[in-house]
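Chain by chain, the residues:
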Amino acid sequence: MASHPYYPLDAVLPDYQPSTVSLPVILALFGGNTAAGRLVGEHTLFAMLWKEYALSDSRYLTGDVFTLCIEHITVFLWGPLSLLTTIAIIRRSPTRHFLQVIVCTAHLYGVMLYYATNWADHRLTGVSYSRPEFLYYWVYYVGFNAPWFCVPLGKTKTPL
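Values in this document were obtained by computation on a predicted structure and should not be read as measured data.

Conventions used here
- Residues numbered from 1 in each chain as written.
- Predicted model: local features only at pLDDT ≥ 70, side-chain atom pairs only at ≥ 80, totals over all residues.
- Heavy atoms only, no water.
- Helix = DSSP H or I, 4+ residues; strand = E, 2+ residues; numbered from the N terminus.
- Polar contact = N/O pair within 3.5 Å; in protein donor to acceptor, adjacent residues only side chain to side chain.
- Contact = heavy atoms within 4.5 Å.
- Salt bridge = Lys/Arg side-chain N within 4 Å of Asp/Glu carboxyl O.
- Buried < 20%, exposed > 50% of the residue type's maximum accessible area, 1.4 Å probe, protein only.
- Expected span 1.5 Å × (residues − 1).
- Lys, Arg positive; Asp, Glu negative; His and termini not counted.

**Q** Residue-level account of the side chain of Arg59, with values.
**A** Here Arg59 lies in helix H3 (residues 59–62). A polar side-chain atom of Arg59 sits 2.8 Å from a polar atom in the side chain of Thr117. Not counting residues within four places of it along the chain, the set of residues in contact with Arg59 comprises Asp64, Phe66, Thr67, Tyr114, Thr117, Asn118, Tyr129 and Tyr141.

Here's what the structure looks like:
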């Protein structure tokens, strides 16, 4: 079995291949390119970015059922609803307030479950899915997900 930098260190990642490009190069290339594929063994730009982010939460590579479910709900339900909410705000539709409540509640609930399941796994089983280094834990795991908690809690000002 190939070793990898994802926590827990004994997580099974079949066909894992490490990124062959440094993070600054990956970020520079990301500008306008994306690609799809089975990410663990791929060397596409999108796969390299995905693997970099997964250092903060390896559940994105291990096929964790909760993470897959919550991300599918976010992409296929909350994403389109967020777009509709944006359109309602731009058009000053009376439904914008109701839609904002739904979208904000959904994102708060999703991110709380995201953090809570990882915390509970760590607390109850001792398994951590995030590397402890500052960049991976505080910047990627906490920082990149904090807007999904902070923004919905913030006061939204919409013109009447």
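Now that the structure has been shown, we can carry on.
**Q** Lay out the pattern of salt bridges with the relevant residues and their values.
**A** This model, assessed by the stated rule, comprises two salt bridges. With a shortest N-O distance of 2.9 Å, Arg59 and Asp57 are connected by a salt bridge. Taking relative accessible area as the criterion, Arg59 reaches 2% and is therefore assigned buried. Residue Asp57 is classed as buried on the basis of its relative accessible area, which comes to 0%. Close ionic contact of Glu133 with Arg131 constitutes a salt bridge, the shortest N to O distance being 2.8 Å. The exposure class assigned to Arg131 is buried, which follows from its relative accessible area of 14%.

**Q** So what about helix H4 (residues 65–90)? Which residues, and what values?
**A** With 26 residues, H4 extends 36 Å from end C-alpha to end C-alpha; this agrees with the ideal 38 Å at 1.5 Å per step. Where H4 is buried, its residues touch H3 and helix H5 (96–125). Positive backbone phi, at 55°, marks Arg92, one or two positions downstream of H4.

**Q** Tell me about the side chain of Glu52, and name the residues and values.
**A** Relative to the assigned elements, Glu52 resides in helix H2 (residues 45–54). For the buried Glu52, no salt bridge is present, and the opposite-charge side chain at shortest range is Arg131, 8.8 Å distant. When residues no more than four places from it in sequence are discounted, the contact partners of Glu52 are Tyr6, Leu23, Leu135, Tyr136 and Tyr140.

Honestly, that's just the spatial picture; any functional story needs more than this.
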